[in-house]
Structure formats: C-alpha cells, structure tokens
Amino acid sequence: MIYIKNLENEEYLSAYKASLEKRNVDPGNLHIVLEKNVARRKALTEMEQKKAYQNKVSEVIGQKKRNKEDASQELSEMQAVSQEIKALEKHAKDAEAELQELLIVLPNKAHDSVPAGKDEAANVVLKTVGEPKTFSFSAKTHDELGQSLKILDFDRAGKVTGARFTFLLGTGARLERALINFMMDTHAQKHGYREAIPPYMVNAQAMYGTGNFPKFKEDVFALENTPYYLIPTAEVPVTNYYNGEILNEEDLPQKFAAFSACFRSEAGSYGKDTKGLIRQHQFHKVELMCFVHPDKSYEEHEKLTNHAEEILKQLELPYRRSLLCAGDMSPNAAKCFDLEVWLPGQSAYREISSCSNFEDYQARRAEIRFRPTGGGKPQYVHTLNGSGLAVGRTLVAVLENYQQEDGSIKIPKALQSYMGVSEIRPS
RNA sequence: GGAGAGAUGGCUGAGCGGUUGAAAGCACCGGUCUUGAAAACCGGCAGCCCUUCGCGGGGCUCGUGAGUUCGAAUCUCACUCUCUCCGCCA
C-alpha cells in the first residue's frame with residue numbers, strides 16, 4: 001500500500017505520477033485520493049475535538065459523583081453530546097473507508113531503474129546463460145514426450161477433474177519429487193534459507209496483505225462454505241507469517257524457502273498454453289521469500305535472484321534474466337526480474353521464476369515492522385520473493401532439453417543422486 | 001459433534017463502570033557504585049492517528065465487531081482463536 005503521507009509531499013507525488021505513467025496506468029483519480037484524504041482528516045479532527053470535550057466533562061462528572069455532589073446538569077448536556085459524537089464517528093469512519101478503498105488499489109511506485117512500457121515487449125534482457133539447445137533430430141514437446149513415456153496423463157486427469165490438470169506417474173512423479181528435494185536442499189543448505197511448508201489455504205486478510213486482493217480475486221479458488229482460499233503461491237502464507245508483528249532489527253533478514261502446491265484459476269487465459277504442463281490449475285513451487293532491512297533490499301534482491309539462477313545452472317538449463325518493464329510487472333512490485341528457461345519444444349524462452357522487490361508495499365498492508373537496534377520507532381521491513389523455481393515448468397525444461405532421439409530422457413547430473421537412475425526410458 | 005475454561009503491553013501477570021494506557025515481576029536501555037563485571041540502588045521503556053517548525057496538545061487501541069452508559073479492560077450480544085475433557089476419525 002502506498003503511504004498516504006508520502007503522496008502529500010510534492011516531490012514524491014510527482015515521482016509517483018511519473019511511475020504510474022511508466023506503468024501505463026491512468027493517474028486520473030489520484031487527485032480524488034488527495035481530496036478524500038483532506039475530507040477524512042477534517043472529519044477526524046471534528047470528531048476528536050468533540051470527544052476531547054466529552055472526556056473532560058466525564059471526568060468532572062466522575063469527580064462530582066465521588067464527592068456526592070449533584071451532576072445532573074452535566075449529565076443531561078452529555079446525553080446530547082454523546083449523540084453528536086455517534087454521528088461524527090460514523091462520518092469519520094466512512095471517510096476513512098472511502099480513502100482506504102482508493103488507496104488499496106494504487107500500484108507500488110516503480111524503482112527508478114525500471115524501464116517504462118506497457119507489456120513484455122518493453123522488457124530488457126539483462127543476460128543470457130547457456131546456448132539454446134539444438135538437436136540433430138526434430139525436438140518433441142514435453143507433453144508428447146511425457147505421454148509416450150507414460151509419465152504424464154492429461155486425459156485421465158481430465159476425466160477425474162477437468163482441463164489443466166495432470167497425473168504425474170512413475171519416473172515422472174519421481175522426477176518431480178527429485179526436483180523439489182534438490183531445490184529445497186540447495187536453498188536450505190547452501191543458501192541459508194529456512195525450510196517451510198505453509199498452509200495451502202489462507203483467509204482473505206492474508207490475501208489483502210500480499211496484495212492479491214482485492215485486485216486479483218478472480219484468479220484464486222475460493223472454497224465454498226468456508227472463508228478460505230487456495231493459495232496461488234506460498235508467497236501469501238509466508239509473507240503473512242509475520243502479519244501484524246514487530247521484529248527485532250538484529251533478526252533481519254529472515255529468509256524462507258517454502259515448498260507448496262499452488263492453485264490458480266487462470267481466468268482470462270482460455271486458449272493459452274492449453275497443452276501440457278505450462279499452465280495448470282495446480283502446480284508445485286519452491287518459493288524464496290525474505291523480510292529484509294530497507295537499506296538492504298536491492299542488494300538482497302540481487303542475491304535472491306542469483307539463488308534462483310543457481311538451480312538453473314546446476315541443472316545446466318539454458319536461460320536468461322530479464323528486467324520487467326513497469327507495465328509488465330505486478331502492481332505490488334517495485335522491481336522485478338524474470339528468469340526464463342529455454343524450451344526446445346516451443347523454441348522459446350518461458351518464464352520459470354519471477355523475483356520481485358516489493359519494498360514496503362506489502363509490509364504496510366500486512367503491518368510487518370522491525371524495531372531498530374538501540375530503540376526508536378518501528379519501521380516497515382521490505383519484502384522480497386521469487387520462485388526458486390516453479391517445479392512443473394522445471395520438469396518441462398528437463399524433459400525438453402534432455403530428450404534423446406529415441407524419446408528417452410537423460411537425467412541432469414545434479415539430479416541423478418535424487419533419482420537413483422540416469423535416464424527415463426519408455427516402460 | 002457434545003461439555004467447559006480462557007484471550008490484557010516484548011514476555012509473565014494484577015485489574016470494584018469514573019486520575020487504569022493500564023499494578024507487579026522479567027527482559028531491555030541509561031545512570032550510580034566497581035579496576036572491570038555481577039549484585040544492589042535510581043531513572044526510562046507500547047503502538048497508531050490528528051495537530052505543531054519544535055516544546056507540546058488531542059484522539060484511539062486491553063482478541064475482533066456491535067451494543068448499554070455522561071463515561072467500558074471492567075456490563076450485554078455476536079464472531080474468531082487457544083486450551084481441557086468426551087465422542088468420531090486419517
């Protein structure tokens with residue numbers, strides 16, 4: 001959430017307007033926000049003045065009663081005042097709610113280093129690692145490979161559930177597990193993250209905390225007859241782990257590597273990636289998430305992205321890192337790198353990780369602060385997260401990049417100890 | 001599913017409807033003493049919002065929301081969560 005007081009600062013306001021422009025968002029109702037804020041303040045002050053008077057007289061009444069004096073005059077006056085306060089209170093509350101409603105949908109201010117642009121065409125490729133793989137035969141897609149190896153079964157998943165689900169079977173299921181363990185071990189043991197397996201359902205408050213609500217409500221699954229939602233990413237439960245808390249500065253940074261299933265409705269993507277594992281309603285992901293000191297967040301953002309890249313390097317998969325333009329990144333983010341893996345089946349780079357710095361945007365919504373060492377007012381932490389990696393898409397990348405002419409799959413060296421075999425052959 | 005108990009500051013834990021934003025202890029910070037440390041003693045120590053250049057002033061917050069009252073941590077109702085016992089169950 002954007003801090004309303006920042007918007008009252010001329011310099012910040014114009015920078016924020018420029019950021020909206022970079023995101024290709026209409027800054028049209030920004031002036032309404034400012035007006036509402038003035039109205040809110042006025043209503044609040046009015047109410048508080050009345051209350052101050054009430055408190056004062058109430059104290060007098062208390063004193064008189066204790067001294068067994070007559071307070072009937074004050075009492076009858078206060079009856080009226082009490083009614084007035086009720087009206088003023090409602091007024092102030094409404095003004096506050098109106099402002100909140102506008103404020104909660106304002107996007108984060110993009111970092112200066114983020115390029116302007118409205119969609120992926122304006123993203124900037126920062127580096128490319130490895131060469132796109134070429135084959136002496138015609139490369140198959142992962143769903144062709146998976147079905148002929150009998151490790152992916154989309155048809156039966158369609159029967160049991162519906163479109164965009166799959167059964168992973170045999171060595172395919174084993175490969176998924178191997179990838180999960182490889183990623184979790186790497187992050188926990190080499191990169192110093194704390195392992196976590198969060199709840200796969202959260203309440204609405206958690207969704208607001210990360211900024212998934214109210215804007216992206218239609219993207220998640222709501223569970224009927226409960227106040228719960230299936231998580232679209234472990235980012236939601238893990239970011240809210242410290243919801244409403246004040247941490248100690250010396251406890252920062254707090255780094256989590258969270259494994260979870262993720263559930264996305266994929267509303268609005270009908271017809272996109274309908275084949276294969278690329279866009280499923282349910283997939284596994286290892287999510288890296290950090291609570292960091294504001295002064296360190298860009299440094300840590302770089303580190304976190306490197307940690308995600310490390311998985312791709314270990315698996316020897318060709319990939320590239322892009323800096324997203326303002327319009328292509330999520331409204332919550334101040335800056336975002338995408339990692340895109342090369343998929344021979346599509347002859348294209350596809351997103352496999354998205355590493356974002358949210359600065360204090362989520363921390364304000366979720367009220368996550370830290371107390372500076374040696375005292376002082378609590379400050380908001382910065383939050384970061386990034387996939388490390390999306391497991392299903394990694395499995396796709398392994399199948400497609402390690403396919404052999406006979407349709408078998410070689411297992412990447414880094415995974416062999418987790419798999420117990422060095423290749424997947426038709427059974 | 002049935003029965004009961006509870007939720008207060010960083011933690012433990014008091015709290016008759018009216019100087020209780022909240023006793024006390026612990027933790028923490030500063031000081032005295034000490035060669036240094038410990039102990040002891042003294043002092044400080046919640047967050048948010050409005051207002052002020054600043055000193056300061058004001059309001060709100062005792063799980064959440066509503067209600068009663070001139071006035072609620074304290075009374076009423078609803079909800080949430082935690083714990084104990086019984087039943088059922090992976």
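Caption draft 1: Looking closely at the overall build of chain A. Assigned secondary structure in chain A consists of 13 helices and 17 strands. Each of the 427 residues in chain A was classed as buried or not, and the buried ones make up 48%. Once local pairs closer than 6 in sequence are excluded, the contacts in chain A between residues at least 24 apart make up 74%. Looking at chain A as shown, the accessible area adds up to about 20,900 Å², and 49% of this sits on carbon and sulfur atoms.

Caption draft 2: The protein's contact with RNA strand B, seen in detail. Looking at RNA strand B, there are 27 residues lining it, with Arg41, Asn55, Gln79, Lys93 and Arg371 nearest. Expressed as a percentage, the sugar and phosphate content of the atoms of RNA strand B within 4 Å of the protein is 76%. Within the side chain of Gln54, a nitrogen or oxygen atom sits 3.5 Å from a phosphate oxygen of RNA strand B. Taking Lys86, its side chain carries an N or O atom lying 3.4 Å from a phosphate oxygen of RNA strand B. Of all elements in the fold, only helix H3 (30-66), helix H4 (72-103) and strand E13 (369-371) reach the threshold of two or more residues within the surface near RNA strand B. Considering every element that reaches the surface near RNA strand B, the biggest residue donor is H3, with 14 residues. Its residues placed into classes, the surface near RNA strand B shows 8 nonpolar, 7 polar and 12 charged.

Caption draft 3: Geometry of the packing of aromatic side chains. If you walk through the whole model with that rule in mind, you get 11 aromatic pairs. Here Phe135 and Phe137 contribute two aromatic rings whose centre-to-centre distance is 5.2 Å and whose plane-to-plane angle is 55 degrees, an arrangement assigned as tilted. An aromatic cluster is present here, built from Tyr241, Tyr242, Phe256 and Phe291 joined pairwise through their rings. Lys217 extends its terminal NZ or CZ atom over the ring of Phe213, reaching a point 5.1 Å from the ring centre. When the ring centre of Phe337 is taken as origin, the NZ or CZ atom of Arg321, which lies over that ring, is 4.6 Å away.

Caption draft 4: Representation of the packing of H3 against H4 in the model. Taken N-terminus to C-terminus, the directions of H3 and H4 make an angle of 155 degrees; their axes are 8 Å apart at the nearest point. Classified by the angle between their axes, H3 and H4 sit roughly antiparallel to one another. Crossing hand, H3 versus H4: left-handed. Taken together, the residues of the contact of H3 with H4 break down into 20 nonpolar, 4 polar and 13 charged.

Caption draft 5: Summary view of the pattern of salt bridges. Inspection of the entire model under this criterion finds 22 salt bridges. The partner of Arg279 in a salt bridge is Glu266, and the shortest N-O contact between them spans 3.3 Å. Placement of Arg279 in the loop between strand E8 (254-263) and strand E9 (282-292) and of Glu266 in the loop between E8 and E9 is noted, with a sequence separation of 13 residues between them. Owing to a relative accessible area of 15%, Glu266 belongs among the buried residues under this scheme. Here Glu302 ties to Arg321 by a salt bridge, and the two come within 3.1 Å at their closest N and O atoms. Of this pair, Glu302 sits in helix H10 (residues 297-314) while Arg321 is found in strand E10 (residues 319-323), placing the two residues 19 residues apart along the sequence. Given a relative accessible area of 33%, Glu302 falls into the partly exposed group.

Caption draft 6: Structural detail: the environment of Gln403. With respect to the element layout, Gln403 can be found in the loop between helix H12 (391-401) and strand E16 (409-410). The class of Gln403 is buried, set by a relative accessible area of 2%. Separated by 59 residues in sequence, Gln403 and Pro344 have C-alpha atoms that sit 9.6 Å apart. Contacts of Gln403, omitting those with residues within four sequence positions, involve Phe135, Phe137, Ala139, Lys140, Leu145, Val398, Ser408 and Ile409. Within the structure, Gln403 has its side chain in polar contact with the backbone oxygen of Glu400 (distance 2.9 Å).

Caption draft 7: The arrangement of the pairing of strand E12 (residues 348-359) in detail. Burial analysis of E12 places 9 of its 12 residues in the buried class, which makes it a mostly covered element. Linking strand E11 (residues 335-343) back to E12 in an antiparallel pair, the connection comprises 4 residues, with Ser347 at a positive phi of about 50 degrees.

Caption draft 8: A look at the sheet that holds strand E14 (residues 379-380). Overall, mixed pairing links the 3 strands, which are arranged E7-E13-E14 in an open sheet. The outermost strands of the open sheet, each flanked by one partner alone, are strand E7 (246-248) and E14. Sheet topology places E7 next to E13; 3 bridges connect them, and they run parallel. Counterpart to Asn248 in the pairing with E13 is Arg371.

Caption draft 9: Here's a closer look at helix H2 (residues 10-23). End to end, H2 covers 20 Å across 14 residues, agreeing with the expected 20 Å (1.5 Å per residue, within 8%). All buried positions along H2 are accounted for by Leu13, Tyr16, Ser19, Leu20, Lys22 and Arg23. Where H2 begins, the capping side chain belongs to Asn9, and its oxygen is found 2.9 Å from the backbone nitrogen of Glu11. Asn24 sits one or two residues past H2 and shows a positive phi near 70 degrees.

Caption draft 10: Main features of empty space enclosed by the protein. Per the stated rule, a full pass over the model turns up 1 cavity of 30 Å³ or more. Reported here for the largest cavity is a volume of approximately 60 Å³. Lining the largest cavity are Ile104, Val105, Leu106, Gly211, Phe213, Pro214, Lys215, Phe216, Pro331, Asn332, Tyr361 and Arg365. A per-class count over the lining of the largest cavity returns 8 nonpolar, 2 polar and 2 charged.

Thresholds, definitions, all that
Residues numbered from 1 in each chain as written. Chains lettered and ligands numbered in written order. Predicted model: local features only at pLDDT ≥ 70, side-chain atom pairs only at ≥ 80, totals over all residues. Heavy atoms only, no water. Helix = DSSP H or I, 4+ residues; strand = E, 2+ residues; numbered from the N terminus. Buried < 20%, exposed > 50% of the residue type's maximum accessible area, 1.4 Å probe, protein only. Contact = heavy atoms within 4.5 Å. Areas by Shrake-Rupley, 256 points an atom, 1.4 Å probe, with all protein chains shown as cover. Near = heavy atom within 4 Å. Polar contact = N/O pair within 3.5 Å; in protein donor to acceptor, adjacent residues only side chain to side chain. Nonpolar A, V, L, I, M, F, W, Y, C, P; charged D, E, K, R; others polar. Phe/Tyr/Trp six-rings, centres within 6.5 Å; stacked < 30°, edge-to-face > 60°. Lys NZ or Arg CZ within 6 Å of the ring centre and 35° of its normal. Axes fitted to C-alpha atoms, helices over the stretch in contact; angles between N-to-C directions. Parallel < 35°, antiparallel > 145°, perpendicular 65-115°, else oblique. Left-handed = near helix turned anticlockwise from the far one by under 90°. Salt bridge = Lys/Arg side-chain N within 4 Å of Asp/Glu carboxyl O. Pairing = 2+ DSSP bridges. Expected span 1.5 Å × (residues − 1). 1 Å grid on protein atoms, 1.4 Å probe; cavity = no way out; pocket = protein on both sides within 12 Å on 5 of 7 lines; lining within 4 Å. Points joined across faces, edges and corners; volume = space filled by probe spheres on them.

What is shown is where atoms sit, not what they do.
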